[in-house]
Every structure is written in C-alpha cells, then in structure tokens.
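Secondary and tertiary structure notes
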Amino acid sequence: MALNIKIRNFEGPFDLLLHLIKKNEMDIYEISIFEITNHYLEYLDLMKEMDLDIASEFIVTAATLLEIKSRELLPKNPIEEEEEDPKKKLIQKLIEYNKFKHVAFYLKKREDEYGQAFYKRPEIIDDSGLLEVNRDILNGKTLYDLFKIYNDLINMMKDKKNENVIQEQISLDLYKVEDKIEYIKNIVALEEKINFSNISKACSNKIEIVVTFLALLELVKSRDVKINQKSNFKDITIERVIVDE
C-alpha cells in the first residue's frame, strides 16, 4: 500500500501547486509557468535545507514544470505543436485534483457532523391483535349502540379540554391522597372487582381523578389491591387482595 506523504501541510505536489496558484492569485486556466516553477523550486530547496526527504512525485512534478518552462522559452516547433501540450495536460490534472479535494473536504465535514448525531432505532409495534379486534367491530351493533359510542367519545373529548380551570381562588388540599386511599379501600371491601372508570366517574374534576389514581398506585405499592389492564388505553380493573390467614 502506498504511503501518504505529507510535507509542510501539502499532501503531494498538486496540493502544493494549488497553494501557490491561490497564493499568487492566479487563474488555474491561465497559470504563469515561469512564476509557479520558481516558487515550486524554492519550496523544494527549503525542504532540502530542513533535511526533509522529498518524495519522488515532488521531483517528477518539478521536472515537468521545468520542461514546460523550457518549452515556453524556446521557439515554437511546428512538429511539437501537433503533440499533446504538457501544460494543458498539467492544468487538466490540477483541475481534476482540485475537484476531488473539494469533494473529500465535503465528505469529511459530513462525516464529522454525522459522527455527533445519535439515532433511535424504530420501535416495532405489534398491531396484529388490534387489527383482529377492529375487523368485526360493527358486527351486531344497533343504531342505538353507535349513538352511545359517539356520545361517549364526545364526552371523552370534552373531558380532555381544559375549560374553566382557572379560578379566582384555588383551594389548597381539596383532595388528599390519604382520603382517597380509604375511599378505594371501602369500595373494594364491598366489591371484589371494580373498574377504575367507575370510580373516576364519581369524581367532579380532573384534579380529583389524578389524586384518586395516585391513591390507587399507593395501594398497589402496599399490596392492598392488585390491578390488571388487558392492553394500552383499556380500562384498569382493581381487585381486592385476599390474605390467607
């Protein structure tokens, strides 16, 4: 595998030539070979003074520049004009190198940007059961059943709206978790199972529902009751825990 030799921040002779063209404010299509060659050789001399090993590709390019320079100083030969112009050939290589250099810079920048990004893998949701349930959802439903479903959805939507929640005076500790714990205990003492929706319907506002739910969580934590929910967004069933004596 060939080594990538980097001398004084120049990765190869074309990198050095592009630097000299930019530094001397030249048009890459209208290079002054005489001036560029002199600057190029000055860099090579500087490398020698610093005891740096000069790669062979730098020397080959220097020889090419000297050849082009000598051609421009000598009278034109009609036979040589028919041959491929080494100056045009060199300019074409410089243009191609400059294109690839900009592409490499762009790709390196994109690599650095994407290296700082983190992505979450897509979550696979199994909806096969949901499709099976909804397939025959309207079978056996009467017009009254549809009206009742529609009415329940409207009421649910109204419950989600925060209407008239800002009051001039806010009552502190209107509902306490401790009170709701005793309230739920009394209900499950009478009924072995009950849905949380039945309890929440008796609540007058959302704050009371939240406090009641917190009380339910405390009861589950203390293992006084156990809860069950068949799937997401389904009703929560509360069961009394029977302790074997």
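Before any of the text, the structure's been laid out above.
The notes below deal with the structure included here. Keep in mind the model is a prediction, meaning the values are calculated, not measured. (Residues numbered from 1 in each chain as written. Predicted model: local features only at pLDDT ≥ 70, side-chain atom pairs only at ≥ 80, totals over all residues. Heavy atoms only, no water.)

**Here's the deal with the sheet that holds strand β2 (residues 225-228)**
With respect to topology, three strands assemble into an open sheet ordered β1-β3-β2, the strand pairing being antiparallel. The sheet is open, and its two borders are formed by β1 (193-195) and β2, each paired with just one other strand. For this sheet, the mean angle separating the axes of adjacent strands, direction not counted, is 25 degrees. Relative to strand β3 (residues 237-240), β1 runs antiparallel, the two sharing three bridges. (Pairing = 2+ DSSP bridges. Helix = DSSP H or I, 4+ residues; strand = E, 2+ residues; numbered from the N terminus. Axes fitted to C-alpha atoms, helices over the stretch in contact; angles between N-to-C directions.)

**What to know about the nonpolar core**
Counting 23 residues, the largest nonpolar core has L17, I21, I31, I36, Y40, L90 and L94 as the members making the most contacts within it. Looking at this core, the elements that each hand over two or more residues are α1 (13-23), α2 (33-49), α3 (56-73) and α5 (86-115). Excluding anything up to four places from it in sequence, L94 contacts F14, L17, L18, I21, I28 and I31. Within the second largest apolar cluster, 13 residues are counted, among which are I181, I194, I199 and L219. (Core = buried A, V, L, I, M, F, W, Y, C linked by side-chain atoms within 4.5 Å. Buried < 20%, exposed > 50% of the residue type's maximum accessible area, 1.4 Å probe, protein only. Contact = heavy atoms within 4.5 Å.)

**As for α3**
Here α3 spans 26 Å end to end across 18 residues, near enough to the 26 Å set by a 1.5 Å rise per residue. The set of residues buried in α3 consists of F58, T61, A62, L65, I68 and K69. Down the axis of α3, the buried side of the element spans an arc of 125 degrees, and every buried residue falls inside it. Within α3, the exposed residues directed more than 90 degrees away from the buried face are S56 and V60. (Expected span 1.5 Å × (residues − 1). Arc of directions from axis to C-beta.)

**Description of the packing of aromatic side chains**
Enumeration according to the criterion identifies two aromatic pairs in this entry. Here the aromatic rings of F14 and Y97 are separated by 5.9 Å at their centres, their planes lie at 65 degrees, and the arrangement is edge-to-face. Taken together, the residues span a long stretch of sequence, with F14 in helix α1 and Y97 in helix α5 at a distance of 83 residues. By relative accessible area, which is 23% here, Y97 ends up partly exposed. With centroids separated by 5.6 Å and ring planes inclined at 75 degrees, the aromatic side chains of F196 and F213 adopt a geometry described as edge-to-face. Of the two residues, F196 sits in helix α9 (residues 196-201) while F213 sits in helix α10 (residues 206-221), which places them 17 residues apart along the sequence. Look at F196 and you get buried, because its relative accessible area is 10%. The exposure class assigned to F213 is partly exposed, which follows from its relative accessible area of 32%. Lying over the aromatic face of Y183, K180 brings its terminal NZ or CZ to 5.1 Å of the ring centre. (Phe/Tyr/Trp six-rings, centres within 6.5 Å; stacked < 30°, edge-to-face > 60°. Lys NZ or Arg CZ within 6 Å of the ring centre and 35° of its normal.)

**Concerning a negative patch on the surface**
There is a patch of like negative charges on the surface, built from E178, D179, E182 and E218. Looking at the secondary structure, you find E182 in helix α8 (residues 177-190). (Patch = residues over 30% accessible without salt bridge, like charges linked within 9 Å, V, L, I, M, F, W, Y side chains within 5 Å. Areas by Shrake-Rupley, 256 points an atom, 1.4 Å probe, with all protein chains shown as cover. Salt bridge = Lys/Arg side-chain N within 4 Å of Asp/Glu carboxyl O. Lys, Arg positive; Asp, Glu negative; His and termini not counted. Charge placed at Lys NZ, Arg CZ, Asp CG, Glu CD.)

Scope: geometric values only; no functional claims are made or implied.
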